[in-house]
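Below, each chain spelled out in residue letters.
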Amino acid sequence: MHPPPLYSDLPLTYDKTPRRDERFPDPYNMGVHAEEFLYDPQYSARDKTLMMYYKRLREIDVPEMMASILTETPDKPWGYYRDMTRQLWDEARHAMLGEIGFVARGIDWPHRVMVNFTWSLGLNTQLKPWERHAVLYFIEQGLMTKTGKRFEWEVGAESGDPLAETFQDFDWADEVLHAQIGKQWYVSAFGDQKQAIEYGSNCWSKVLIGWREWQQQGLTQHRNWWPELYQEYCAVQGVEPDPAALAYHTTYETSRADLEKLAASA
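Residues numbered from 1 in each chain as written. Predicted model: local features only at pLDDT ≥ 70, side-chain atom pairs only at ≥ 80, totals over all residues. Heavy atoms only, no water.

Asks: Go over the overall build of the chain, please, and point to the residues and values.
Replies: Counting its secondary structure elements, the chain contains 13 helices and zero strands. Starting at the N terminus and walking to the C terminus, you meet the elements of the chain as α-α-α-α-α-α-α-α-α-α-α-α-α. Computed over the C-alpha atoms, the radius of gyration of the chain is 19 Å, within 12% of the 18 Å expected from 2.2 N^0.38 for a compact globule of 266 residues. Judged by the C-alpha coordinates and their principal axes, the chain covers about 70 × 50 × 35 Å. Counting the 266 residues in the chain, one finds 49% classified as buried. Accessible surface for the chain amounts to roughly 13,300 Å². Of this, 57% is attributable to carbon and sulfur atoms. Distance between charge centres in the chain, computed from 27 positive and 40 negative side chains, equals 4 Å. (Helix = DSSP H or I, 4+ residues; strand = E, 2+ residues; numbered from the N terminus. Rg over C-alpha atoms; globule rule 2.2 N^0.38 Å. Buried < 20%, exposed > 50% of the residue type's maximum accessible area, 1.4 Å probe, protein only. Areas by Shrake-Rupley, 256 points an atom, 1.4 Å probe, with all protein chains shown as cover. Lys, Arg positive; Asp, Glu negative; His and termini not counted. Charge placed at Lys NZ, Arg CZ, Asp CG, Glu CD.)

Written out as C-alpha cells, the structure is:
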C-alpha cells in the first residue's frame, strides 16, 4: 500500500474569497462612510481621529487583496515578490495600528466597529490580478495629494492624540514607499503615469457592489454603528459628544471611498 500523499504534495487551490473570524460579525456592512466624515470641515479633529482608527483597521482588506495578486501573478523577478510582500506586511500593520488605537481608547472594537471586506471581495472575485494592481496604484496616488496622507497626519496632530499623530506619520511614510513600488512594478508597464492612473480608476469602476442585494439576502442591514461607537468613546474619554457627529449617517451606497459617485447600486 502506498502512504497517503503529504499535504505539501497536493496541488494548491487558492480561494480568493476573504474569510474573517468572530471579531468581524457584519463583513458586508457598508453603513458608515468614513471618508465623507473625514473630509467634512464641520467635524472636529478629535472625532475624525476616531474615524481614522476605523480606516486603519479596515485596511485588513488590502493584504487580503494583495495576497491574491501575489498568488496569481507568476514568473515575475524576485524583486517584484519581495517589494509586494513588503507592502502587504505594511498594510497588515496599518490594520493593527487601528486596532491598537481603539484598544488604547478603551473601545471594545469587535462589538462596536463593523469592519467590512467588501472591497477585497469585489476586487478578488471580479477583477484580474493586473486590474487589482491597477486599482491599488490608483488609490495610492490619491493618497499622495494634500487631501491624502498629509491631511490625515494633520488631523492626527491637531487632535491632540499623540498616538494618532505617530500612527499617521508611519502610515504616510509607508504610502510614499508604496507609491514608488507601484511606479516600478506597475507604471513601468505603461510608460505613462497618467494612462496608468486612468486605467486604475476604470478598473475600480468595473467592480459591482451588491448593496441592496446583500441587504435583501439578509447578509447585512448596513446598520449605522457609528453613534454607539462615538458615544462609548466620549463616555470613556469623559467628553461631551458633538450632536452633529453623533447624528452622522452617510453610507457607501452612492459613493466609493475616493468620493467618486456610483451610477447605481445593485
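Read on for the rest.
Asks: Account for the pattern of salt bridges, naming residues and giving values.
Replies: Here the structure, examined in full by the defined rule, presents 26 salt bridges. The partner of arginine 86 in a salt bridge is aspartate 90, and the shortest N-O contact between them spans 3.0 Å. Note that arginine 86 and aspartate 90 are positioned in helix 4 (residues 78–104) at a spacing of four residues, about one turn of the helix. You can call arginine 86 partly exposed: its relative accessible area is 39%. Notably, a salt bridge pairs arginine 93 with aspartate 174, separated by 2.9 Å at the nearest N-O pair. (Salt bridge = Lys/Arg side-chain N within 4 Å of Asp/Glu carboxyl O.)

Asks: Pulling in residues and values, what's your account of helix 4?
Replies: Compared with an ideal rise of 1.5 Å per residue, which puts 27 residues at 39 Å, helix 4 spans 39 Å between its outermost C-alpha atoms and is within 8% of the ideal. Downstream of helix 4 by one or two residues, glycine 106 has phi in the positive range, about 75°. (Expected span 1.5 Å × (residues − 1).)

Asks: How would you sum up the packing of helix 2 (residues 45–58) against helix 9 (residues 162–185)? Please name residues and give values.
Replies: Put simply, helix 2 and helix 9 touch, their axes get as near as 11 Å, and they point 40° apart. Between helix 2 and helix 9, the crossing angle belongs to the class labelled oblique. Of the two possible hands of crossing, helix 2 and helix 9 adopt the one that is left-handed. Contact with helix 2, carried on its side by Thr49, Met52, Tyr53 and Arg56, involves Leu163, Ala164, Phe167, Gln168 and Asp171 of helix 9 and no other residues of that element. When grouped by side-chain class, the residues that make up the contact of helix 2 with helix 9 number five nonpolar, two polar and two charged. (Axes fitted to C-alpha atoms, helices over the stretch in contact; angles between N-to-C directions. Parallel < 35°, antiparallel > 145°, perpendicular 65-115°, else oblique. Left-handed = near helix turned anticlockwise from the far one by under 90°. Contact = heavy atoms within 4.5 Å. Nonpolar A, V, L, I, M, F, W, Y, C, P; charged D, E, K, R; others polar.)

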